[in-house]
Amino acid sequence: MRRGGLAVVGAVAVGALVVGGGGTAWAGNADLEVHGSAVLSGDLVEVRVIPLNHGPDGLTAASVRLASSAALADTQQLPGGCARTGDREVVCDTGPLAVEVPGGELVVPVRLRDQPAEVRLEVEVAWGGGAVDQDRTNDRQRVLVLATGDPYVF
């Protein structure tokens, strides 16, 4: 799902405990941040997101959720690693994220049911490898995207 367009904004501090056959082991911490842009033209919103992990540990996987104020069209052609999870939302996998190395750009084209003059998007970290978020203040971004065909950055 490296090339699809979902704008995802947010950051997450991740720490997880893994319970195994012999006891408990610390899986690590990571601070995930996502920035991007969104363009609305007609009934299509193209969201672009670049995730970044500030560490201190790498992540094997994370996911971001894109929620729209406008209902999605019934038929979607989402990139691999993305799935529609509701009437107004999509979730996408970021893939592995090394420390301080920008992840691959996610490009998520989302079709809307109508052609609104504007759409409010909320991009947030949906899952950080099962870890507990240490800093919930930076997990979510919101952006208003007007139907001008111009990119709106978050």
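Everything here concerns the structure above.
## Quick look at the overall build of the protein
So, step 1. Counting its secondary structure elements, the protein contains zero helices and eleven strands.
So, step 2. Put simply, the protein runs from its N terminus to its C terminus through helices and strands in the order β-β-β-β-β-β-β-β-β-β-β.
So, step 3. For the protein, buried positions account for 44% of its 154 residues.
So, step 4. Of the contacts formed within the protein by residues at least 6 apart in sequence, a portion of 72% connects residues at least 24 apart.
So, step 5. With the model as given, the accessible surface of the protein reaches about 7,500 Å², and the carbon-plus-sulfur share is 51%.

## As for the side chain of Glu 122
So, step 1. For Glu 122, the position within the fold is in strand E8 (residues 118-127).
So, step 2. Looking at Glu 122, its side chain comes within polar contact range of the side chain of Arg 65, at 3.0 Å.
So, step 3. Within the local environment of Glu 122, its side chain forms a polar contact with the side chain of Arg 142, the two groups lying 3.1 Å apart.
So, step 4. Non-local contacts of Glu 122, meaning those with residues more than four positions away in its chain, are made with Arg 65, Leu 66, Ala 67, Arg 140, Gln 141 and Arg 142.

## Let's talk about the environment of Glu 105
So, step 1. Turning to its location among the elements, Glu 105 is positioned in the loop between strand E6 (89-93) and strand E7 (106-111).
So, step 2. For the pair Glu 105 and Pro 51, spaced 54 residues apart in sequence, the C-alpha to C-alpha distance is 7.4 Å.
So, step 3. Side-chain polar atoms of Glu 105 contact the side chain of Arg 48, separated by 3.1 Å.

## Description of the pairing of strand E5 (residues 82-86)
So, step 1. Direction of pairing for E5 relative to E6: antiparallel, over a ladder of four bridges. Looking at E6, one finds that Gly 86 is bridged to Glu 89.
So, step 2. Linking E5 back to E6 in an antiparallel pair, the connection comprises two residues.

## A short note on the sheet that holds strand E10 (residues 140-146)
So, step 1. Taken together, the five strands give an open sheet; going across it, the order is E5-E6-E4-E8-E10, and neighbouring strands pair in antiparallel fashion. Looking at the sheet topology across the chains shown, the edges are occupied by E5 and E10. Across the sheet, the axes of successive neighbouring strands diverge by a mean angle of 25 degrees, strand direction being ignored.
So, step 2. As paired strands, strand E4 (residues 63-68) and E6 are joined by five bridges and run antiparallel to one another. Note on E6: the bridge partner recorded for Arg 65 is Val 91.

## Points about the environment of Asp 135
So, step 1. For Asp 135, the location among the structural elements is in the loop between strand E9 (132-133) and E10.
So, step 2. Judged by relative accessible area, Asp 135 falls into the partly exposed class, the value being 30%.

## Here we look at the environment of Leu 40
So, step 1. Here Leu 40 is to be found in strand E2 (residues 23-41).
So, step 2. Each C-alpha atom of the pair Leu 40 and Ala 117 lies 8.7 Å from the other, and the pair is 77 residues apart in sequence.
So, step 3. Sequence-distant contacts of Leu 40, defined by excluding residues within four places in its chain, comprise Val 45, Leu 112, Pro 116, Ala 117, Glu 118, Val 119, Val 145, Leu 146, Ala 147, Thr 148 and Gly 149.

Parameters at a glance
Residues numbered from 1 in each chain as written. Predicted model: local features only at pLDDT ≥ 70, side-chain atom pairs only at ≥ 80, totals over all residues. Heavy atoms only, no water. Helix = DSSP H or I, 4+ residues; strand = E, 2+ residues; numbered from the N terminus. Buried < 20%, exposed > 50% of the residue type's maximum accessible area, 1.4 Å probe, protein only. Contact = heavy atoms within 4.5 Å. Areas by Shrake-Rupley, 256 points an atom, 1.4 Å probe, with all protein chains shown as cover. Polar contact = N/O pair within 3.5 Å; in protein donor to acceptor, adjacent residues only side chain to side chain. Pairing = 2+ DSSP bridges. Axes fitted to C-alpha atoms, helices over the stretch in contact; angles between N-to-C directions.

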